[in-house]
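Coordinates in review
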Amino acid sequence: MADVNRGKRPLSPHLTIYRPQLTSMTSIFTRITGNAMLLAALMIVWWLLAAATGPGYYDLARTVITSWFGSLIMILSLWALWYHFCAGLRHLYWDTGRGFEIKQAERLGIMVIAGSFILTVLTLILI
Amino acid sequence: MAFMTDRKRANGMGSAKEGTHHFWSMTVSSIALAILMPLFIFNFGPMLDESYADVQAHFAHPYPAILTGLTLIVAFMHFKMGAQTMIEDYVKGGARKITIIAVSLLSYAAMATGLFALASIAL
């Protein structure tokens with residue numbers, strides 16, 4: 001019964017067998033960007049704590065966060081946030097049962113990528 | 001093992017009856033963040049390179065304070081649940097539980113630290 005072939009059933013093809021596609025790549029980047037933002041989030045919490053502690057400590061946090069390395073993390077995270085934002089909107093759209101045709105799904109993928117860069121540049125100009 | 005009945009093996013492996021709760025929480029928090037994040041970026045972002053006095057004055061106002069507090073709470077809850085999904089996909093067994101607990105504790109700690117800092121600046 002349930003013991004038949006237990007542990008040695010055939011597996012369906014997985015990631016390694018597929019050529020990278022726009023849909024799969026934009027999907028995995030949603031996960032990467034979402035989780036990578038932890039670093040910037042913790043830096044912002046630290047910056048807030050420094051601002052609550054006193055002027056001396058605040059100056060240190062400000063110097064670190066606006067250094068070339070801090071700025072690099074902040075700008076990459078800004079892009080990550082806008083990417084995750086666009087990809088999240090795509091998920092909400094998918095949740096309504098629309099956008100699953102291959103052409104539509106690929107167009108949505110391009111929109112997510114383009115949207116993330118446009119919004120990042122716009123933010124950097126406006127801030 | 002050989003003496004286990006099919007019924008016994010299946011027992012306790014079924015639906016936890018709350019399978020959609022995680023999904024629904026992510027949906028709700030994602031919509032909240034879709035509203036909060038653009039506001040937060042443009043309100044909070046410019047403050048990162050302001051003077052100590054300007055930062056104190058900024059967060060003393062209700063709008064920046066409430067917006068930052070809300071973003072801290074919703075973003076770290078959303079992160080905690082999203083990271084959990086990733087861990088469930090890539091980490092197995094006991095390490096999975098430990099990693100999920102560690103990420104949850106880190107999220108709560110970051111949230112509490114941020115809220116404390118915000119409160120002491122704002123009040």
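In what follows, the accompanying structure is described.

Turning our eyes to something else, we now look at the overall build of chain B. A count of helices and strands for chain B gives five helices and zero strands. Taken from N to C terminus, the helices and strands of chain B fall in the order α-α-α-α-α. Here the C-alpha radius of gyration of chain B, 21 Å, is well above what a compact globule of 123 residues would show, namely 14 Å. Structurally, chain B occupies a C-alpha span of about 75 × 25 × 25 Å along its principal axes. For chain B, the residues scored as buried account for 21% of the 123 residues in total. Across chain B, every contact between residues at least 6 apart in sequence was considered, and the portion connecting residues at least 24 apart equals 72%.

Now for the interface of chain B and chain A. Taken together, the contacts link 27 residues of chain B with 28 residues of chain A. Listed by contribution, the elements that provide at least two residues to the side of chain B that touches chain A are α1 (6–10), α2 (19–44), α3 (52–59), α4 (62–90) and α5 (93–122) of chain B. Its residues assigned to classes, the side of chain B that touches chain A shows 17 nonpolar, seven polar and three charged.

Next up on the list: helix α4 (residues 102–126) of chain A. Under the 1.5 Å per step criterion, the end-to-end length of α4(A) is 36 Å for 25 residues, consistent within 8% with the ideal 36 Å. Buried within α4(A) are the following residues: A:Leu108, A:Gly109, A:Val112 and A:Ser116.

A word on the environment of A:Ala40. All names here are of chain A. Here Ala 40 lies in helix α1 (residues 22–53). Owing to 19 C-beta atoms within 10 Å, Ala 40 belongs among the partly exposed residues under this scheme. Separated by 33 residues in the primary sequence, Ala 40 and Ile 73 have C-alpha atoms spaced 6.7 Å apart. Each residue touching Ala 40, except ones within four places of it in the same chain, is listed here: Ile 73, Met 74 and Ser 77.

Right, let's get into the packing of α4(B) against α5(B). For any two helices packed against each other, the geometry is given by the interaxial angle and the distance between the axes. Residues and elements named next belong to chain B. Two elements in contact, α4 and α5, have axes whose closest approach is 9 Å; the angle formed by their N-to-C orientations is 175 degrees. The angle between the axes of α4 and α5 places the two elements in the roughly antiparallel class. Facing Ala 65, Thr 68, Gly 69, Leu 72, Ile 73, Phe 76, Phe 79, Lys 80, Ala 83, Gln 84, Ile 87 and Glu 88 of α4, the residues of α5 in contact are Arg 96, Thr 99, Ile 100, Val 103, Ser 104, Ser 107, Ala 110, Met 111, Gly 114, Leu 115, Leu 118 and Ala 122. Partitioning the contact of α4 with α5 into residue classes produces 14 nonpolar, seven polar and three charged.

Looking now at the packing of helix α3 (residues 68–95) of chain A against α4(A). All names here are of chain A. Direction vectors running N to C along α3 and α4 enclose 140 degrees, while the axes themselves pass 8 Å from each other. For the crossing formed where α3 meets α4, the hand is right-handed. Here Leu 78, Trp 79, Trp 82, Tyr 83, Cys 86, Ala 87 and Arg 90 of α3 come into contact with α4, specifically with Leu 108, Val 112, Gly 115, Ser 116, Leu 119, Thr 120 and Thr 123.

With that settled, the discussion passes to the nonpolar core. Core analysis: the largest hydrophobic core is formed by 37 residues, its most contacted members being A:Ala41, A:Trp47, A:Leu48, A:Ala51 and B:Ala75. Counting residues per element, this core draws most heavily on α1(A), which supplies nine residues. When residues no more than four places from it in sequence are discounted, the contact partners of A:Ala51 are A:Tyr58, B:Val55, B:Ala117 and B:Ile121.

Rules of the game
Along each chain, residue indices are assigned from 1 in the same order as the chain's sequence is written. To read the labels, note that chains go from A and ligands from 1, taken in the order they are written. This being a predicted model, a pLDDT of at least 70 is required before a residue's local features are given, and a value of 80 or more before pairs of side-chain atoms are given or counted; all residues contribute to the totals for chains, interfaces and linings. Secondary structure elements follow DSSP: runs of H or I no shorter than four residues count as helices, runs of E no shorter than two count as strands, and numbering proceeds from the N terminus. Between the two quantities, the radius of gyration covers C-alpha atoms and the globule rule is 2.2 Å times the number of residues to the power 0.38. Partly exposed residues are those whose C-beta has more than 12 but fewer than 20 other C-beta atoms within 10 Å; 20 or more makes a residue buried and 12 or fewer makes it exposed, with C-beta atoms placed from the backbone. Think of it this way: build a C-beta for each residue from its backbone, and any pair within 7 Å is a contact. The residue classification treats Ala, Val, Leu, Ile, Met, Phe, Trp, Tyr, Cys and Pro as nonpolar and Asp, Glu, Lys and Arg as charged. All others, Gly included, are polar. Multiplying 1.5 Å by the residue count of a helix minus one yields the expected span of that helix. Lines fitted to C-alpha atoms define the axes, with helix axes restricted to the stretch in contact, and inter-axis angles between N-to-C directions lie between 0 and 180 degrees. Small angles under 35 degrees read as roughly parallel and large ones over 145 as roughly antiparallel, with 65 to 115 read as roughly perpendicular and the rest as oblique. Left-handed describes a crossing whose near helix is turned anticlockwise from the far helix by less than a right angle; the clockwise case is right-handed. To form a nonpolar core, buried Ala, Val, Leu, Ile, Met, Phe, Trp, Tyr and Cys residues must be joined through C-beta atoms within 7 Å.

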